[in-house]
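# Structural characterization, general
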Amino acid sequence: MSERDDGQRDGSKGVAYASSPSPVPQAGTHRTLVEALGEPTALARLGSASWLSNEAWAEALEAVRRSRFADEPVPEGFRRVGQQLGRGFLASDIGRLTRETASVLPPERIFGLLLPMLAQRMRHDFGHEWLQSPAGGVLRISGSFVTAPEATLGFMEAFTCLADRRVTVSIQRASADYLDLAFSW
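All residue numbers refer to positions counted from 1 along the written sequence of the respective chain. Given that the model is predicted, a residue must reach a pLDDT of at least 70 before its local features are reported, and side-chain atom pairs must reach 80 or more before they are shown or counted; all residues, however, enter totals for whole chains, interfaces and linings. As a convention, hydrogens and water are excluded, and side-chain values are obtained from all of the structure's heavy atoms.

Right, let's get into the packing of aromatic side chains. Think of it this way: a Phe, Tyr or Trp ring, Trp meaning its six-membered ring, pairs with another when their centres are within 6.5 Å, and the plane angle makes it stacked under 30 degrees, edge-to-face over 60, tilted otherwise. Evaluated as defined, the whole model comprises 7 aromatic pairs. These aromatic residues form a ring-pair network of at least three members: Phe111, Trp130, Phe183 and Trp185. Only when the NZ of Lys or the CZ of Arg is both within 6 Å of the ring centre and within 35 degrees of the ring normal is a charge said to sit over the ring. Taking the ring centre of tyrosine 178 as reference, the NZ or CZ of arginine 140 above it sits at 3.9 Å.

Time to look at the pattern of salt bridges. A side-chain nitrogen of Lys or Arg and a carboxyl oxygen of Asp or Glu constitute a salt bridge if their distance falls within 4 Å. By the definition in use, this model includes 10 salt bridges. Here aspartate 180 makes a salt bridge to arginine 140, at a shortest N to O gap of 2.7 Å. You can see aspartate 180 sitting in strand β8 (residues 178-184) and its partner arginine 140 sitting in strand β6 (residues 136-143), a full 40 residues away along the chain. Each member of the pair aspartate 180 and arginine 140 is classed as buried. What you see here is one network of salt bridges that share partners, running through Glu62, Arg65 and Arg66. Only DSSP runs of H or I with at least four residues qualify as helices, and only runs of E with at least two residues qualify as strands; both kinds are numbered from the N terminus onward. With a 1.4 Å probe rolled over the protein chains alone, any residue whose accessible area is under 20% of its type maximum counts as buried; one over 50% counts as exposed, and the rest are partly exposed.

So, on to helix α4 (residues 74-90). Expected span, for any helix, means 1.5 Å times one less than how many residues it has. Given a rise of 1.5 Å per residue, 17 residues ought to cover 24 Å, and the 24 Å separating the end C-alpha atoms of α4 matches this to within 8%. Of the residues making up α4, those classed as buried are Gly77, Phe78, Val81, Gly82, Gln83, Gln84, Leu85, Gly86, Phe89 and Leu90.

It is worth spelling out the pairing of strand β5 (residues 126-133) at this point. Buried residues dominate β5, accounting for 7 of its 8 residues. Strands are treated as partners if at least two bridges between them are detected by DSSP. The pairing of β5 with β6 spans 8 bridges and is classified as antiparallel. Considered in β6, the bridge of tryptophan 130 is made with leucine 139. Taking the residues between adjacent antiparallel strands as the criterion, β5 and β6 are bridged by 2 residues.

And the structure:
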């Protein structure tokens, strides 16, 4: 753990639990997430491969949003797709292992260490950094986004069930290069 001054946000000091280096050249979404989403076209495109291209992943999320949440406003539809994806992932073998590991961790370790490490293995084209605050923290995800920030928000919302207390998640800031998710408990 290292303490650093985060002058770019608000000048407060935070604890950086997990940081990853610059994004890894291999881009795409791991088979586990594609299977958790369960979108037939994406599964067919994946075949026996381990990775699905970013473009195909974005198309799969949009297809699920259109087919299951067409009556919702687009951002809410993507948030619900993300929640569904998170629940599907938690039901997988890796998800069960994640649940067991998280059961012995406080929220700051779940959202500041466990999920960024897991996400780095599932999406090699993103960097993650956690900044702890007294009432929660901020997870900064950096990279080139091809999906709506609300889908990532929904995915993280599904993981709040892992904490030993009530956790809320919101989008603090979003751009083409990063997404800041604020966690509070």
